[in-house]
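Architecture and fold: a report
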Amino acid sequence: MVAVIEVQELTKKYGDIEAVKGISFHVQEGEVFGFLGPNGAGKTTTISILCTLLSPTSGYAKVNGYDVVRQKDEVRQAIGLVFQDPSLDERLTAWENLMFHALAYRVPKGERERRIREVLDMVELAGRAEDLVETFSGGMKRRLEIARGLLHYPRVLFLDEPTLGLDPQTRNSIWEYILHLKKEEGITIFMTTHYMDEAENCDRIAIIDYGKIVALDTPEGLKAMVGGDVVRLVTEDDRKAEEILRESYGVKMIRDRDCLCFEVDRAENFIPKLIREFPLRIDSISMHRPTLEDVFLKLTGHEIRPQAPDEMDNLRSFVRAHSRKKR
């Protein structure tokens, strides 16, 4: 297999803040590769470096064989990019947005109209080509952004939180297009997400937290790290219950802020025995097979942090501080 993305000991600092801490990984050609982690974990910083929008502090990265620092133009010609923040000109039509992109990427004049029709058909927006983008729904805008990212036939499509803020039905629809691209077009897709269910669609996932990659494997391989079934328990005194579970049952706890959470083999046999013997009142108990959320809890000791500050705030703070120094 050919590695279309290579990253080695990549580090990025904003002043004293280390947003990315010496990460290494590779992405195979034709893969859907997921970067799973909370806001502020280093996902957007990493994708910005790979897309040549930021320079690393140390380490190196190559995309399609090109160095992201020394060969920026070659990298940019090889990639498509859809960031989480909208970047369409809503005062233009869908067609005009795509034509502007085709000109910016120097798509040959004789191919521009054909390619625009092709990508509009692909995302089922051909009938809205002449409509202003301001009349589009959120899902339609996202599909148009994906179409724009594909217009110049990139080797790699970068998607930064591609379904952020969309309703579940639209999210599913976007994922149908992403998986279609993988199957029919053979494009390598690198995406970031903090949605656990989305990450299940990836061929491989790197879990990143506080700027470090803590695990990298297939979704099934990651879930196998948890081991047995996951049991969630709420009692009249969870602190005391945790002591009993550790000392009398030898279970290893997985941190969860809302309940006691631990893994056991054959939970269907363990739970009836626990209910009969446990000296404290059990208010609720449930079990399930391991999920990626369980993996994240086990590896990091906490849940995905939905309210954490976006890592790009680090960059904004650094720029503001630097500007004040120059004055």
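Residues numbered from 1 in each chain as written. Predicted model: local features only at pLDDT ≥ 70, side-chain atom pairs only at ≥ 80, totals over all residues. Heavy atoms only, no water.

1. Section: the overall build of the protein
Across its full length, the protein holds twelve helices and 14 strands. With the principal axes as the frame, the protein shows a C-alpha extent of 75 × 50 × 40 Å. Here the protein, with 327 residues, has 50% of them falling under the buried criterion. Sequence-distant contacts in the protein: of pairs separated by 6 or more residues, those separated by 24 or more amount to 71%. Counting only carbon and sulfur atoms, one obtains 47% of the accessible surface of the protein, whose full area is about 16,200 Å². When the 47 positive and 55 negative side-chain charges of the protein are each reduced to one mean point, those points stand 6 Å apart. (Helix = DSSP H or I, 4+ residues; strand = E, 2+ residues; numbered from the N terminus. Buried < 20%, exposed > 50% of the residue type's maximum accessible area, 1.4 Å probe, protein only. Contact = heavy atoms within 4.5 Å. Areas by Shrake-Rupley, 256 points an atom, 1.4 Å probe, with all protein chains shown as cover. Lys, Arg positive; Asp, Glu negative; His and termini not counted. Charge placed at Lys NZ, Arg CZ, Asp CG, Glu CD.)

2. Some thoughts on the confidence of the model for the protein
Confidence along the protein averages 87 in pLDDT terms, with 92% of residues attaining 70 or more. When mean pLDDT is compared element by element in the protein, strand S5 (residues 66-67) scores highest at 97, while helix H12 (residues 312-326) scores lowest at 46. Note that pLDDT drops below 50 for residues 307-312; the model gives that stretch 14 contacts with residues more than four away or on any other chain. Note that residues 314-327 has pLDDT below 50 and, in this model, seven contacts with residues that lie over four places away or in other chains. (pLDDT = per-residue confidence, 0-100.)

3. Notes on the pairing of strand S11 (residues 229-235)
Burial of S11 is extensive: six of the seven residues sit out of reach of the surface. As paired strands, S11 and strand S13 (residues 260-264) are joined by five bridges and run antiparallel to one another. What sits directly across from Val230, in S13, is Glu263. Here six bridges tie S11 to strand S14 (residues 282-288), and the two strands are oriented antiparallel to one another. From the neighbouring strand, Val231 faces S14, where its bridge partner is Met287. (Pairing = 2+ DSSP bridges.)

4. What about the side chain of Asp294?
Its place among the elements puts Asp294 in helix H11 (residues 292-300). Since its relative accessible area comes to 0%, Asp294 is described here as buried. In contact with Asp294, other than residues within four places in its own chain, are Val226, Val230, Arg232, Ile254, His288 and Arg289.

5. Structural notes on the pairing of strand S1 (residues 3-14)
In this sheet, strand S2 (residues 17-28) lies alongside S1 in antiparallel orientation, the contact comprising nine bridges. Residue pairing for S2: Val7 is matched across the bridge by Phe25. Following S1, the chain reverses through two residues before pairing antiparallel with S2; Gly15 in that reversal takes a positive phi of roughly 65°. As paired strands, S1 and strand S4 (residues 58-63) are joined by five bridges and run antiparallel to one another.

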